[in-house]
Amino acid sequence: MVHESKNMRLIAQDRLLEHGGVGEGMALQKTRDGRRIMWMAHENAPKNYTAVDVTDPRAPKVILQTDLPHNNMRSNSLDVVGDVMAVAYQTRSHGMQPAGIELLDISEPERPRRISFFDRSGQFSRGVHCLWFVDGEYIHCASGAPDFTPTHPLDDQVYMIVDVRDPTRPEEVGRWWLPGTREGDDASPPPRLPKFGPRPGGIRAHNTNVYPERPDRAYVGYFDGGAVILDISDKVRPKPISIWNPAPPFHGLTHTVLPLLSRDLLLITEEAVEDHGADWPKLTWVVDARNERNLVPVSTCPLPPVEEFKIRGGRFGSHNFHENRPGETSFRSDTIVFGSYFNAGVRVFDLSDPLRPEERAFFIPEAPAGSRVNSAQINDVYVDENGLVYAVDRFTGGLYIIEADF
Amino acid sequence: MYRFDQHCLLVPFGTDRWSMKDILVSSLGPRSMTLATPFPCAAIDLRSGDALRLNNGAFAIHPAGKPASEGSPFEVVRDAVCGHVDAWGGPAQRFLRDYFDAVSATIGRDRALIEASMPTCAGLYSAEDWLYSAPLPLPRAHLNAPASSRPHGTEEDYVRVDVVFWNGERFVAIDAGSSSLLPRRAAERAERLRRAGIDVVSWAGAAPAGFDAFFPRLLPRRARYFWQTRSLPTGPFRSDALDLLDAFAAQSCPVDGGTTRREEQRSP
């Protein structure tokens, strides 16, 4: 199969030294010497993170690729502010190490230097799955903790705020978890969703987005717990404003809660995790947040027919979005949004009328060689300030650089 | 805008979708016209040389002469204009709210100057009567800005802007930051507007205090304050009967320098 596209075209691909499986962490650094470096966290061991010089986007070049300390862990997520990079580390099971966040000085991208390590390992902790670091002061993340005992082993990652104003001494400031997911809570453990396939979902934090325009709010995807808006005006004691959960009857795994702040809208994704569309529908919801205490879904982004895509192999459905990351190297729009949809590729929607999202473009790479599934699995997407699109494959395809033309 | 004839430009606004074929003139007088369109449309009289002002609008009026909704008349006008932005048009909504606040603040600040400027009318008018001399913002407006030197003569030649003002000579468009374009297309759009002679003001994140510098761009040449008009103040509320009277009276009794008129066709 060849690439499929609408209003998008591939200008380069880099298979990342044949380690082309990338997770959910992408950040574009502008170095002091004028280079543009795309940093990516890998989906799985043995690789940790890879840096690609994309100064000439038609000729990307790997300048660094690192290995994890062992194969029973993954990095998955990272973020960059200036010359500081934060990398998440999650172990395969509870009680292992290293589990936490590594802070690195990347002023010389080819030679990262550790600034500190924020250890979150513990008897019931796998460490950090996903992090958000955009202001240089606080990391917002989905993390376990040595003093957190979940009522269910899969509910082991809470929303956590870490103060890194002194990057040599990261300190936890506050945390929030869904009541009932911690041993000792007054609330009863929340009901589990019906199991789909071999992987039951957890009721735990995933994406934890906070924006400078609204520093008193955290927008948290809480997997089977739904989409959560938290008041973090007091970072020590985050308080829930509202929780919206389409599951049940939908199948959970709320992944990203992307606020389109100027328009009082939320874009909420559910991650597809089963092959062949077994957990379909995994949707991207457009939610009216004019009253943030009464979230109202108004539409979903249109996707191609499941009948056509479930037979292509691998996952099909929503995953993540370009998250309007603050910073000079990131495209920001509350109207045009870019999502990653596994075997349905990168898809772009126009939310001018949020009641009727329109597909503006898509790009589906051909199935990359060596993938365990017979399709591309676009895992994450980043759009730079010029509108250039960087998308990554979950298994072997590596980095795709795509030009949008609409 | 759509050039109706050598003296008149039509500007569809308050909508994302419109069609030229839907613009119909239901009546035409020597200096007035009534449009029958399924979307709001402003008619601009190029002969007036004046800005399009709030009191050129045809805002809904109750048969008993009261505004059609709750609030002060100025709030009714503000809400009517803001109502042309869709429910999730946050950036344009914020610009308009700030704009109307700035209009109100200007009258409050200049009260002494206004009262000193009308010594012969003492007691007849209050400074607030000049609120409606402020320029009229048209949200979600569609302006003629062809992509090439050979226009299509169709809707393709039009560019949607968040808000636009007519200052008597040219359009001043507000980019409130709600564009649905990627950077390259946004640059092309900006170039189209520039070639069409349309001023574009980027307002995303601007402070309300910025209006002091902004108002003069919305006014006819040499005008310093929007309340300095060539006539006594008029209100923005009109009835059909007034429109008919104006058609006869326009030649001898110009209002704010002209009789630019628009009429909205509202859905039930």
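My aim in this report is to walk through the structure given alongside it, one point at a time. (Residues numbered from 1 in each chain as written. Chains lettered and ligands numbered in written order. Predicted model: local features only at pLDDT ≥ 70, side-chain atom pairs only at ≥ 80, totals over all residues. Heavy atoms only, no water.)

### Description of the overall build of chain B
Here is step 1: The secondary structure content of chain B amounts to six helices and nine strands.
Here is step 2: In chain B, which comprises 268 residues, the share counted as buried stands at 49%.
Here is step 3: A separation of at least 24 residues holds for 70% of the contacts in chain B among residues at least 6 apart in sequence.
Here is step 4: Of the roughly 12700 Å² of accessible surface on chain B, a fraction of 54% belongs to carbon and sulfur atoms. (Helix = DSSP H or I, 4+ residues; strand = E, 2+ residues; numbered from the N terminus. Buried < 20%, exposed > 50% of the residue type's maximum accessible area, 1.4 Å probe, protein only. Contact = heavy atoms within 4.5 Å. Areas by Shrake-Rupley, 256 points an atom, 1.4 Å probe, with all protein chains shown as cover.)

### Quick notes on the packing of helix H1 (residues 73–82) of chain B against helix H2 (residues 90–109) of chain B
Residue and element names in this part refer to chain B.
Here is step 1: Their axes nearest at 10 Å, the elements H1 and H2 cross at an angle of 155°. Comparing the axis directions of H1 and H2 gives the class roughly antiparallel. Relative to H2, the crossing made by H1 is right-handed. Mapping the contact onto sequence places Phe74, Val77, Arg78, Asp79, Val81 and Cys82 in H1 and Gln93, Leu96, Arg97, Phe100, Val103 and Ser104 in H2.
Here is step 2: Split into classes, the residues belonging to the contact of H1 with H2 amount to seven nonpolar, two polar and three charged. (Axes fitted to C-alpha atoms, helices over the stretch in contact; angles between N-to-C directions. Parallel < 35°, antiparallel > 145°, perpendicular 65-115°, else oblique. Left-handed = near helix turned anticlockwise from the far one by under 90°. Nonpolar A, V, L, I, M, F, W, Y, C, P; charged D, E, K, R; others polar.)

### A few points about H1(B)
At 3.6 residues per turn, the α-helix brings residues three or four places apart onto the same side.
Here is step 1: Every buried residue of H1(B) is listed here: Phe74(B), Val76(B), Val77(B), Arg78(B), Val81(B) and Cys82(B).
Here is step 2: Elements in contact with the buried residues of H1(B): H2 and strand S6 (138–144) of chain B.

### Brief notes about the side chain of Gln65(A)
Residue and element names in this part refer to chain A.
Here is step 1: As for its placement among the helices and strands, glutamine 65 is situated in strand S6 (residues 61–67).
Here is step 2: A polar side-chain atom of glutamine 65 sits 3.1 Å from the main-chain carbonyl oxygen of leucine 16.
Here is step 3: In this structure the side chain of glutamine 65 is engaged in a polar contact, spanning 2.8 Å, whose partner is the side chain of threonine 50.
Here is step 4: When neighbours within four sequence positions are excluded, glutamine 65 is seen to be in contact with Leu16, Leu17, His19, His42, Lys47, Tyr49 and Thr50. (Polar contact = N/O pair within 3.5 Å; in protein donor to acceptor, adjacent residues only side chain to side chain.)

### Side note on the sheet that holds strand S19 (residues 239–244) of chain A
Residues and elements named next belong to chain A.
Here is step 1: With respect to topology, four strands assemble into an open sheet ordered S16-S17-S18-S19, the strand pairing being antiparallel. If you trace the sheet from one side to the other, it starts and ends with strand S16 (208–211) and S19, each paired once. In this sheet, adjacent strand axes meet at a mean angle of 20° when their direction is disregarded.
Here is step 2: As judged from the five bridges shared by strand S18 (residues 227–231) and S19, these two strands associate in the antiparallel manner. The residue of S19 that forms the bridge with leucine 230 is proline 240. (Pairing = 2+ DSSP bridges.)

### Thoughts on the packing of aromatic side chains
All names here are of chain B.
Here is step 1: All chains considered together, the criterion is met by 34 aromatic pairs over all chains.
Here is step 2: On the basis of an interplanar angle of 40° and a centroid distance of 5.7 Å, the ring pair of phenylalanine 95 and phenylalanine 211 is categorised as tilted. Within this pair, whereas phenylalanine 95 is found in helix H2, its partner phenylalanine 211 is found in helix H5 (residues 211–214), the two being separated by 116 residues in sequence. Phenylalanine 211 carries the same exposure label as phenylalanine 95, and that label is buried.
Here is step 3: Ring centres of tryptophan 203 and phenylalanine 214 lie 5.1 Å apart, and the angle between their planes is 50°; on these two criteria the pair is classed as tilted. With tryptophan 203 in the loop between strand S9 (199–202) and H5 and phenylalanine 214 in helix H5, the pair connects residues that are 11 residues apart, well separated along the chain.
Here is step 4: A residue is classified by how much of its surface remains accessible, and phenylalanine 214, at 3% relative accessible area, is buried. (Phe/Tyr/Trp six-rings, centres within 6.5 Å; stacked < 30°, edge-to-face > 60°.)

### Comments concerning H2(B)
Here is step 1: Compared with the 28 Å implied by 1.5 Å per residue over 20 residues, the 28 Å span of H2(B) between its first and last C-alpha is a close match.
Here is step 2: Lining the buried residues of H2(B) we find H1, helix H3 (111–116), S6, strand S7 (158–166), strand S8 (171–175) and H5 of chain B. (Expected span 1.5 Å × (residues − 1).)

### Some thoughts on the sheet that holds S9(B)
Residue and element names in this part refer to chain B.
Here is step 1: One open sheet accounts for four strands, arranged S6-S7-S8-S9; its pairing is mixed. Two strands bound the open sheet, and with one partner strand each, they are S6 and S9. When the angles between neighbouring strand axes are averaged without regard to direction, this sheet yields 50°.
Here is step 2: Note: S7 against S8, four bridges, orientation antiparallel. Within S8, the position partnered with tryptophan 166 by the bridge is phenylalanine 171.

### Describing the nonpolar core
Here is step 1: Membership of the largest hydrophobic core comes to 57 residues, with the highest contact counts inside it found for Phe95(B), Tyr99(B), Leu138(B), Phe171(B) and Phe214(B).
Here is step 2: It is H2(B) that contributes the most residues to this core, eight residues altogether. (Core = buried A, V, L, I, M, F, W, Y, C linked by side-chain atoms within 4.5 Å.)

### Some points on the pattern of salt bridges
All names here are of chain A.
Here is step 1: Enumeration according to the criterion identifies 58 salt bridges over all chains in this entry.
Here is step 2: In this structure, arginine 35 engages glutamate 110 in a salt bridge whose closest nitrogen and oxygen atoms are separated by 2.6 Å. With arginine 35 in the loop between strand S3 (22–30) and strand S4 (36–42) and glutamate 110 in the loop between strand S10 (100–105) and strand S11 (113–119), this residue pair connects regions lying 75 residues apart in the sequence.
Here is step 3: The class of glutamate 110 is partly exposed, set by a relative accessible area of 27%.
Here is step 4: A salt bridge links arginine 36 to glutamate 385, with the nearest nitrogen and oxygen atoms 2.8 Å apart. Placement of arginine 36 in strand S4 and of glutamate 385 in the loop between strand S28 (378–383) and strand S29 (388–393) is noted, with a sequence separation of 349 residues between them.
Here is step 5: The class for arginine 36 is buried, based on a relative accessible area of 12%.
Here is step 6: The class of glutamate 385 is partly exposed, set by a relative accessible area of 24%.
Here is step 7: Each of Arg214, Asp216, Arg217, Asp231 and Glu292 takes part in one network of salt bridges that share partners. (Salt bridge = Lys/Arg side-chain N within 4 Å of Asp/Glu carboxyl O.)

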